[in-house]
Amino acid sequence: MAEAHDFRVVGTRPVRPDGADKVTGRAQYGADMNLPNMIYGKVLRSPHAHALIKSIDASKALAMDGVYAVITGDDFPTVGGGALGGEGGGSMDGLAQNIMARGKVRYHGHAVAAVAAKSLSVADAALAAIEVEYEKLEVVLDVLKAMEPDAVLIDENCFTSGLPEKPEKPSNVAGVMTLARGDLDEGFAQADVIIENEHVLPMAHQGYIEPHACTASVNEEGFATVWASSQGHFELRGQVATLTGKGISQVKFVPLEIGGGFGGKTKVYLEPLAVMLSEKSGRPVKMMMTREEVFRATGPTSGTVARVKVGAKNDGTITAAQLWLAMEAGGFSGAPHMPAAMAVFAPYDLENFKVETFDVLVNKPAVAAYRAPGAPQSMHAMEVALNELAITLNMDPIDLRMKNAADEGTQAPYGPKFPVIGFKQCLEAAKKHPNYTKPVPEGAGRGVAAGFWFNIGQQSSAEVHINDDGTVQVVEGSPDIGGSRASMCIMAAETLGVPYEAVRTIIGDTESTGFCNVTGGSRTTFATGLAVVRACEDVIASCKARAAATWGVDEDQVEWQDGQAVPAPGVNADVKPLKLADLAAKAHKTGGPIMGKASLNAQGAGASFAVNIVDLGIDRDTGKVDVLSYTAIQDAGIAIHPSYVEGQYQGGAVQGIGWALNEEYIFNADGVMENAGFLDYRIPVASDLPMIDTQIIEVPNPSHPFGVRGVGETGIVAPLAACTNAARDALGFLVRDLPLSPPRVLAAIDQQGA
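Everything numeric in this text was worked out from a predicted model, so none of it was measured.

What counts and how
- Residues numbered from 1 in each chain as written.
- Predicted model: local features only at pLDDT ≥ 70, side-chain atom pairs only at ≥ 80, totals over all residues.
- Heavy atoms only, no water.
- Helix = DSSP H or I, 4+ residues; strand = E, 2+ residues; numbered from the N terminus.
- Contact = heavy atoms within 4.5 Å.
- Polar contact = N/O pair within 3.5 Å; in protein donor to acceptor, adjacent residues only side chain to side chain.
- Domains from an automatic or database assignment.
- Buried area = accessible area lost by both parts, 1.4 Å probe.
- Salt bridge = Lys/Arg side-chain N within 4 Å of Asp/Glu carboxyl O.
- Nonpolar A, V, L, I, M, F, W, Y, C, P; charged D, E, K, R; others polar.
- Axes fitted to C-alpha atoms, helices over the stretch in contact; angles between N-to-C directions.
- Left-handed = near helix turned anticlockwise from the far one by under 90°.
- Expected span 1.5 Å × (residues − 1).
- Buried < 20%, exposed > 50% of the residue type's maximum accessible area, 1.4 Å probe, protein only.
- Pairing = 2+ DSSP bridges.
- Phe/Tyr/Trp six-rings, centres within 6.5 Å; stacked < 30°, edge-to-face > 60°.
- Lys NZ or Arg CZ within 6 Å of the ring centre and 35° of its normal.
- Core = buried A, V, L, I, M, F, W, Y, C linked by side-chain atoms within 4.5 Å.

Asks: It is not clear to me how unusual backbone geometry should be interpreted in this structure. Could you clarify?
Replies: Most peptide bonds take the trans form, and the phi angle of most residues other than glycine is negative. The amide bond that connects L738 to the next residue, P739, takes the cis arrangement and shows omega of 0°. Locating P739 in the fold gives a position in the loop between α19 (718-731) and α20 (742-753). We note that N455 has phi near 65°; this positive angle belongs to a residue other than glycine. As for its position among the elements, N455 is in the loop between β16 (444-453) and β17 (458-466).

Asks: Even after reading the chapter, I still don't get the environment of R546, so can you show me in this structure?
Replies: Mapping R546 onto the fold places it in helix α16 (residues 524-551). Separated by 12 residues in the primary sequence, R546 and V558 have C-alpha atoms spaced 9.8 Å apart. Other than its neighbours up to four places away in sequence, R546 contacts L583, A587, T590, G591, G592, P593 and I594. At 3.4 Å, the side chain of R546 and the backbone oxygen of A587 are in polar contact.

Asks: I keep staring at the domain arrangement of the protein and nothing clicks. Help me out?
Replies: Often, the extent of an interface is quoted as the loss of accessible area on bringing the components together. What the domain assignment lists for the protein is domain 1 (39-137 + 210-259 + 265-297), domain 2 (392-455 + 606-753) and domain 3 (457-602). In this complex, domain 1 contributes 7 residues to the contact, which on the side of domain 2 involves 10 residues. Summing the contributions of domain 1 and of domain 2, the shared interface buries around 760 Å²; its carbon and sulfur component is 60%. Linking domain 1 with domain 2 are 0 salt bridges, by the criterion used here. One can count 2 residue pairs in polar contact (both at pLDDT 80 or more) joining domain 1 with domain 2. Split into classes, the residues belonging to the side of domain 1 that touches domain 2 amount to 2 nonpolar, 1 polar and 4 charged.

Asks: How do you make sense of the packing of helix α15 (residues 484-496) against α16 when you look at a structure like this?
Replies: The relative placement of two packed helices is expressed as an angle between their axes plus a distance between the axes. The N-to-C vectors of α15 and α16 enclose an angle of 35°; their axes lie 9 Å apart at closest approach. Crossing of α15 against α16: the hand is right-handed. Along the contact surface, α15 presents S484, S487, M488, M491, A492, T495 and L496, while α16 presents T524, T525, T528, G529, V532, V533, C536, E537, V539 and I540.

Asks: In this structure, what is going on with helix α11 (residues 375-393)? I would like to understand it.
Replies: Counting along an α-helix, one turn takes 3.6 residues, and residues three or four places apart therefore face a common direction. Taking 1.5 Å of rise per residue, the 19 residues of α11 would be expected to cover 27 Å, and the 26 Å separating its terminal C-alpha atoms lies within 8% of that figure. For α11, the tally of buried residues reaches 17 of 19 residues, placing the bulk of the element in the interior. N394, located one to two residues past α11, shows a positive phi value of around 60°.

Asks: How do you make sense of the pattern of salt bridges when you look at a structure like this?
Replies: Opposite charge on two side chains makes pairing possible when the charged atoms of those side chains draw close. By the definition in use, this model includes 32 salt bridges. K252 is the salt-bridge partner of D509, the closest N and O atoms lying 3.9 Å from each other. Of this pair, D509 sits in the loop between β19 (503-507) and α16 while K252 sits in strand β11 (residues 251-255), and the two are 257 residues apart along the sequence. Here D509 falls in the buried class, since its relative accessible area comes to 13%. Salt bridges linked by common partners bring R16, D18, K22, E257, D480 and R485 together as one network.

Asks: Hey, could you run me through the sheet that holds strand β4 (residues 104-105) in this one?
Replies: Across a sheet, paired strands are connected by hydrogen bonds in the backbone, their directions being either parallel or antiparallel. Spatially, 3 strands are ordered β4-β2-β6 in an open sheet, and the strand pairing comes out antiparallel. Of all strands in the sheet, those with a lone pairing partner are β4 and β6 (131-136), marking the two edges. Two elements, strand β2 (residues 51-57) and β4, share 2 bridges in a ladder whose sense is antiparallel. Across the sheet, the residue bridging to L52 is K104, located in β4.

Asks: What exactly am I supposed to notice about the packing of aromatic side chains here?
Replies: Tallied over the full model, the rule gives 20 aromatic pairs. Measuring from ring centre to ring centre gives 5.5 Å for F295 and F678, while their planes differ by 85°; the resulting arrangement is edge-to-face. Here F295 is found in helix α9 (residues 291-297), whereas its partner F678 is found in the loop between α18 (642-661) and β26 (692-697), with 383 residues between them in sequence. What makes F295 buried here is its relative accessible area of 1%. By way of ring pairs, the aromatic residues Y348, Y414, F418, F423, F452, W453, F454 and F609 are connected into one cluster. For K166, the ring lying beneath its charged end belongs to F159, and the centroid distance is 4.6 Å. Between R307 and the ring centre of W324, over which it is positioned, the NZ or CZ distance is 4.3 Å.

Asks: Help me understand the pairing of strand β1 (residues 39-45) in this model?
Replies: Put simply, side chains in a regular strand alternate between the two faces of the sheet. Within β1, 6 of the 7 residues are buried, which leaves it mostly tucked inside the rest of the structure. As defined by bridge partners, β1 adjoins strand β12 (residues 285-288) across 3 bridges and the pair is classed as parallel. Looking at β12, one finds that Y40 is bridged to K286.

Asks: I tried to follow the sheet that holds β11 on my own but got confused; where do I start?
Replies: The strand order across the open sheet formed by 7 strands is β3-β5-β1-β12-β9-β10-β11, and the pairing between neighbours is mixed. Looking at which strands have only one partner, the edges of the open sheet turn out to be β3 (67-72) and β11. Each neighbouring strand pair of the sheet contributes to a mean axis angle of 20°, computed without reference to strand direction. Summarising the sheet, strand β10 (residues 224-228) and β11 pair through 5 bridges and their orientation is parallel. In the sheet register, T225 faces β11, and the bridge partner there is K252. Packing against the sheet, helix α8 (residues 271-281) makes contact with β1, β3, β5 (111-117), β9 (213-218), β10, β11 and β12, and its axis sits at approximately 130° to β3.

Asks: Can you walk me through the nonpolar core in this structure?
Replies: Proteins that are soluble and globular tend to have nonpolar side chains buried together. V310, L323, F345, M382, F418 and F452 are the most contacted members of the largest nonpolar core, which has 123 residues in total. In contact with V310, other than residues within four places in its own chain, are F188, V193, I194, I195, I318, A320, A321, M382, A385, L386 and L389.

This is how it looks when you write it as structure tokens:
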């Protein structure tokens, strides 16, 4: 499916530039910082899921030897309720109250105080000495009950946004979104077959291996430096500045390596606390979460209730589709209900549809982004309904999707018309794939589902410096999660016409490079890569001007080919080509150091589509589900580094499989998470899975010089429905709710037998 392209470096598979440091342990992660006179911060967390804070007495803790500071919500300034930037939703006011409770706790594990002490053991003792008086309130855990008019309010100041008029009474529904087109009633009236289902999906965590950690140091002038692992140190700098009452120029963020994020490290938890504790104590403060704290007090993705209705004619033409989706926000608004609404019907050309989504407060941890936030939950409902339609109509499920597939010129449900997209190419590849054409193993089931993510551009900056020997240094501000250093080196090498080995990429701190939005939304290779390309073009323009001056010709008489300046065709000049190294060596004579820079707000990110195929085996005696084979097919535009693209497909598939088969937050009646550790919160490990087969489809994005489409998000979207559909094929009936864990599957088998 790939088109032929005359690239020298793009599409190759060089060794990652940060690989050696990471496998040898030299790379510095969040917990690796150690500074002179450093002390340790720890957080006191609420034992209740919903309670008023009547009083906090920290006097005993402050009197302890080795305790340098204690902070509570009273130490932080009040901030406004502006929208929170980055990849996640919610407000800055909600973030402020999430990092440290103000008068009320909204979930078990909510921070109520923090201490800084000479050692972790002293910090633990200090936490135990803090006396907090609570008034327990009724806990609201069920998203549907939370939406009822007489439900206990989690936030008395929460008035539903997204309505034509502000409601008169507060509620737990923080926001609504509606997308609609055509005549829904007429569409269903035209249908020969209608499928209706309700699905319940659990809250699930990103499962990154590195817990949150940071170190902060505030000097005597009030200037703060923070070393942290994050997905976007510029965004976190702004959050910390706002939450601590500092000017943005008073906060410097130094990015460290990141041990996974997947959307979960796009907002702050410890960083403002470390800054405040450092300012109070006069010492650098290091803070690290335990794995239990990560589960209890950072942002998972939303649990949901989805109600779907889809109608089609006997030939498979979809006449109408409807989705109602309630999403858990946790204790503060911010469920990804808007992207969920935008994604659910996007792969299909529909005349009549309606989507209603709701952002609902419950007494659970405040959610954060998780890889295509909202899309796996909403598209699970649609893709399962399409499978049921295919069974009812006796159609191949890929043929049904192909008949209704969006293509270039199709108006997306969220507004714009698609430019060139690769969904049909993905479907065609899936239909021909050996893993689809081979027989289904005996006793197993096969499932198919589509995935989608619209991708984003946003702001990025880059500088390209040419060293005296002609080697290249790229400086940009996007943390490297999925191999973006290598991608930047590849695109710089391709643009400049130099070997990959001659390029090095550095992730600059907030005082060393221009602003970049978070590494999220599948934007980095597209947007920051575009900035790198433009900065390289700036270098080329400078090199051509210098060559022209050296040769005594006009600039338009010089071209750049294969990493060197050459006379344009027809120019009568007896000169030798000037390589980048030649120009760099004499740069002091032609205007000084050679560099290029670019800052942009990238447009035209290009939507990404996928089709996944899975074979599942199910043990009817135990309910255990085994993944026999898995195939991820996805459009990458152009794969800059195919190995990393394949890795994104495989990683997304594994996370989606985990969510489909095992992963879920389990709460008791008091709102306490009962499986806050990897022993009981079961993510897939290598022994659970076969090799994930991948196929890269390349339909170039016309908005990028190398045709890039982001690939990081889409991979997690299809697995949930693909697994549900495969289980349906194996069992002969539909298990609507996830995960397909042994107890749930066995209970469903027993119920069918009864």
